[in-house]
Amino acid sequence: MRRLILILGFLIPILALAVRPTEAQNEVVTISMPDYMRDLFNEELFDQFEAEHPGVDVEIVYNGNNAMMFGGGLQDIDDYLNSMRSAVEAADVLLLDSNGVGPELTRAGYLLDLAPLVNADTTLNSADFYEAVWQAFQWDGGVWALPVSADVTLLFYDPAALDAAGVPYPETWQSIADVDYAIRALTQLNDDGSVAVSGFQSYGEEIGMLLISLLGQGLYDDSVIPSIPNFDNPQLEEVLNTWAQLQKDGLFEQPNGGEGISIGPGQGGPLVMGQSWMGQQMTAEGDSQLKAALLPGGHSGLTVSGYGVSSGTTHPELAYELVKYLTMQPAAAQAFVNPIPARRSLANASAEDGGTMFRGPELSPEIRAVVDQGLENAISPSEARFVPYLANVLQQMTEDNVDARTALDAVEAEALTRLETASERSGGDPIVVATPVPASALAPGEIELDFGVGTTMSPMPNEAAWNAAAQDFADSDPEVGRVNLEPTFGGSLEEMTEQYDCFYTPSNQVPSANLSLLRSLDPLLASDMAFSPNDLVGNVLSQLQRDGQTWAIPLVIEPVVMRVDPDLFAQAGVTIPNGTWNVDEFESALRALKYNPDDPAPFAPQGFDNSYLLALIAAYGGLPVDYRTTPPTLNYTDPNTVEAIRQVLNLVKDGYVEYQNLSGGTVIMMGEENSVPIYTYTLGEFGFGSVMIATASIGSDGEEVAMPPKNTDPMVTFPQGTTYTALTYSVGAGYISAHTEKAEACYRFLSSLSQRPDLLTGMPAKRSMINSPDLIAAQGEEVVAVYNALDQLMQQPNTVLFPTGLGGDTPADIFLTYWLNRAFDRYINEDADLDVELAEAQTMTQAFQQCAAAIPPLDPTTGDYAGYYEQYINCATQVDPSASEMFGQ
């Protein structure tokens with residue numbers, strides 16, 4: 001029998017279990033997986049292993065993001081080793097990644113050396129693995145993991161662009177001079193020297209692989225065991241000098257300060273270094289003119305996922321057998337971002353054998369041939385150990401203007417110090433793998449609730465507090481004996497309602513939801529004598545209502561505010577507002593902060609949608625969409641609204657407000673916090689420009705987990721106008737599945753959560769909870785003061801509230817501002833006549849509303865939500881055929 005274990009965020013005493021004398025206790029081997037992989041494995045994955053090993057149970061331990069997958073890099077060595085120790089104490093078998101595991105970890109003695117078991121195993125066919133993949137976790141005479149999947153790093157290029165620039169194809173490049181020439185020839189510059197079209201793009205992590213491919217050798221001294229770094233190489237200095245100069249010359253800057261990677265004509269650049277998923281993307285998009293090549297020097301980079309064994313295991317042989325078993329399972333090999341099975345014998349495994357969401361389309365034959373060539377000529381991660389330190393060398397060369405030799409000597413000394421620190425850990429306190437704690441039995445008549453906690457962070461930083469709240473509820477509730485909490489990441493509403501009796505999500509699901517999946521809460525609210533709508537802030541309850549019914553309990557709102565950089569305000573001689581400001585003060589600050597016409601916009605909104613524009617337009621006296629009515633009222637052509645829109649959009653045109661087109665689809669603006677004087681900030685976990693309020697919390701291993709540094713920039717509301725004051729927020733709420741038979745128990749649990757403002761990072765939906773001592777302790781007096789100010793604004797008669805993201809009452813509201821956004825774009829980008837554009841937008845939007853109003857409610861017996869939603873898309877494209885591209889028609 002296999003059990004799924006959620007590691008609790010606090011230490012639980014291990015209870016002695018009474019075992020009947022006649023019942024043998026199975027041997028248990030645990031395997032650690034990150035939370036996001038809960039649904040990626042086939043449920044029967046371990047059945048065969050357990051059948052081949054009678055009396056053995058495999059138990060999965062879900063343990064945050066799994067430090068060994070993502071915890072590498074050059075963070076502080078003690079922090080790195082502490083996180084790794086927690087990981088190796090979580091389970092017997094560990095999921096590893098070559099980017100997160102290196103000599104520091106093995107030098108500390110945290111992984112079991114599998115070499116003796118491998119050498120004694122006559123059934124293990126190492127020749128079945130690609131050679132470089134097989135060696136990925138082998139160094140210092142040890143075998144630290146068996147590989148399960150891999151991916152190669154290649155160069156992808158546009159031959160036409162290289163031909164036009166007179167650049168030879170990458171297949172012919174042999175030296176750093178060839179690379180330098182190609183990047184300089186392919187990069188197109190603006191008149192001011194900034195990058196117009198990138199000649200070369202990369203994520204950055206692969207740069208080390210490019211440099212080591214040019215060298216043709218590793219950066220370690222293999223004459224001693226354990227090995228040490230060796231950066232004494234004149235050719236390495238030449239490579240670094242050339243690369244650093246490219247950086248200093250700004251040739252790796254993104255055009256117009258943008259982000260992301262693209263390739264192909266008109267898409268951003270002719271040359272990209274990346275993994276095979278880029279080839280999958282090119283194949284899917286039909287970019288047959290784009291080609292792939294090995295890195296200069298005739299190699300490919302390589303990343304590898306695998307399984308290792310904790311040095312603290314009490315079942316070394318059994319754990320090794322499980323690791324070997326997993327390397328032979330297609331489902332395990334295909335469950336990672338790295339899409340290529342480590343074993344040659346699994347190369348043609350089909351999706352039916354265990355494909356996952358990470359497996360993309362089949363590569364084109366041409367790119368597949370280069371990938372295969374790369375697998376046979378890859379630089380194994382074991383050969384590339386110590387290569388990540390080159391990032392520190394380049395940083396010193398480019399930022400501190402240090403010469404290559406000096407930087408190499410300093411970083412080599414740093415690497416040796418880190419290895420010595422790791423070696424000191426070996427032989428210290430023994431590693432002890434946690435013993436799984438079986439769930440206590442339910443008493444007669446008791447029930448259990450399966451509850452999902454939607455979160456955007458892993459590990460969930462306050463998971464211990466959530467588990468304690470669940471336990472407190474189970475202890476006090478007469479019917480519920482246990483609440484099974486499970487953090488969940490990005491699951492669809494259908495998946496959430498299938499898996500859980502009830503759940504929390506940090507974003508409002510109601511506007512676009514298939515309501516047949518949810519339980520209407522109105523009967524439960526009506527019978528709850530303790531529930532008072534007057535205790536809820538703003539119009540938060542209406543955000544969770546549709547078709548005249550309430551579909552969720554509001555637990556938290558995540559208001560959007562502004563934060564200001566005090567240093568930049570001081571430099572401009574601008575007074576920092578005290579919590580609130582009016583529209584005149586806001587505009588005066590903008591103009592004073594942009595004292596140089598060439599300076600970037602002083603206000604950089606961050607996040608989705610047009611809500612920041614609607615809030616500013618309201619402050620200037622306009623209300624193009626009035627969400628206080630159902631359906632929302634359109635006022636695009638009202639003279640006051642037109643003038644307010646013009647004033648705000650002119651701030652954009654004049655360079656005072658950062659802007660990205662709104663009508664082309666979902667927009668995400670991610671300006672650098674603290675690099676601009678004014679930026680939007682979401683007070684909560686969900687949303688862009690937000691960080692956790694807490695500076696530390698208790699993690700899943702019972703130890704303190706460091707959080708991002710606390711943002712101390714002063715907060716201020718959106719500017720207040722004489723006619724309107726605008727506020728915008730999203731809603732985090734609790735939902736009950738239509739499939740559950742435990743609706744009343746779910747409602748009681750959700751009600752108890754509404755009394756725990758310390759669990760959620762945001763403003764309590766209940767006014768009575770805003771000044772709770774628990775909330776002040778969790779988020780601080782400054783944040784609570786902002787919540788009180790926002791609550792006061794919400795109660796003022798001239799305050800209008802705008803939902804963020806997909807807000808509104810019906811699916812029709814998802815399309816509501818499409819034509820308004822298009823009018824904004826055309827006025828800003830094409831200098832179109834604003835009055836004409838707004839009039840057209842109002843006509844089309846009203847026609848869409850009229851069409852959408854005739855759509856009958858969804859028939860829950862059909863479950864055809866896709867067809868129901870399609871009717872709204874059809875209304876949009878009937879009104880405006882040119883919108884078909886936007887809406888996928």
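Residues numbered from 1 in each chain as written. Predicted model: local features only at pLDDT ≥ 70, side-chain atom pairs only at ≥ 80, totals over all residues. Heavy atoms only, no water.

S.K.: Would you mind going over unusual backbone geometry in detail, with residue names and values included?
M.R.: Following isoleucine 225, the chain continues to proline 226 via a peptide bond in cis, the omega torsion being 0°. Checked against the element boundaries, proline 226 lands in the loop between strand E11 (220-221) and strand E12 (228-229). A positive phi angle is found at aspartate 547, which is not glycine, with a value near 55°. For aspartate 831, which is not glycine, the phi torsion reads 55° and is therefore positive. By the element assignment, aspartate 831 lies in the loop between helix H28 (818-830) and helix H29 (834-853). (Helix = DSSP H or I, 4+ residues; strand = E, 2+ residues; numbered from the N terminus.)

S.K.: Outline the nonpolar core, supporting the account with residue identities and numerical values.
M.R.: By size, the foremost hydrophobic cluster in this structure holds 76 residues, and its most contacted members are Ile31, Tyr307, Leu322 and Leu326. Examining the composition of this core, we find that 7 residues originate from one element, helix H12 (residues 316-327), more than from any other. When near neighbours in sequence (up to four residues on either side) are disregarded, isoleucine 31 contacts Phe46, Val58, Glu59, Ile60, Val61, Ala91, Val93, Tyr307, Leu322 and Leu326. With 70 residues, the next largest nonpolar core counts Phe473, Val483, Leu485 and Ile770 among its residues. (Core = buried A, V, L, I, M, F, W, Y, C linked by side-chain atoms within 4.5 Å. Buried < 20%, exposed > 50% of the residue type's maximum accessible area, 1.4 Å probe, protein only. Contact = heavy atoms within 4.5 Å.)

S.K.: Describe the packing of helix H23 (residues 611-619) against helix H24 (residues 639-653), and please don't skip the residues or the numbers.
M.R.: For the pair H23 and H24, interaxial distance at closest approach is 8 Å and the crossing angle is 120°. With respect to their mutual orientation, H23 and H24 come out oblique. Remark: the crossing between H23 and H24 carries right-handed chirality. Listed contacts from H24 to Leu613, Leu616 and Ile617 of H23 are Ala644, Ile645, Val648 and Leu649. (Axes fitted to C-alpha atoms, helices over the stretch in contact; angles between N-to-C directions. Parallel < 35°, antiparallel > 145°, perpendicular 65-115°, else oblique. Left-handed = near helix turned anticlockwise from the far one by under 90°.)

S.K.: For the pairing of strand E22 (residues 553-564), give the residues involved together with the corresponding values.
M.R.: Walk down a regular strand and you will see the side chains alternate between the two sheet faces. Among the 12 residues in E22, 12 count as buried, and that is most of the element. Judged from the 6 bridges that link them, E22 and strand E30 (residues 725-736) form a sheet pairing that is antiparallel. Each bridged residue has a counterpart across the sheet, and for proline 554 the counterpart in E30 is alanine 733. Looking at chain direction, E22 and strand E31 (residues 763-764) are connected through 2 bridges and run antiparallel. When the bridges of E31 are listed, isoleucine 557 appears paired with methionine 763. Pairing of E22 with strand E26 (residues 678-682), which is carried by 5 bridges, proceeds in the antiparallel orientation. (Pairing = 2+ DSSP bridges.)

S.K.: I'd like a rundown of H23, residues and numbers included.
M.R.: Among the 9 residues that make up H23, 9 are buried, leaving the element largely enclosed by the rest of the structure. The set of residues buried in H23 consists of Ser611, Tyr612, Leu613, Leu614, Ala615, Leu616, Ile617, Ala618 and Ala619. Note on H23: the residue one or two positions beyond its end, glycine 621, has a positive phi of about 100°.

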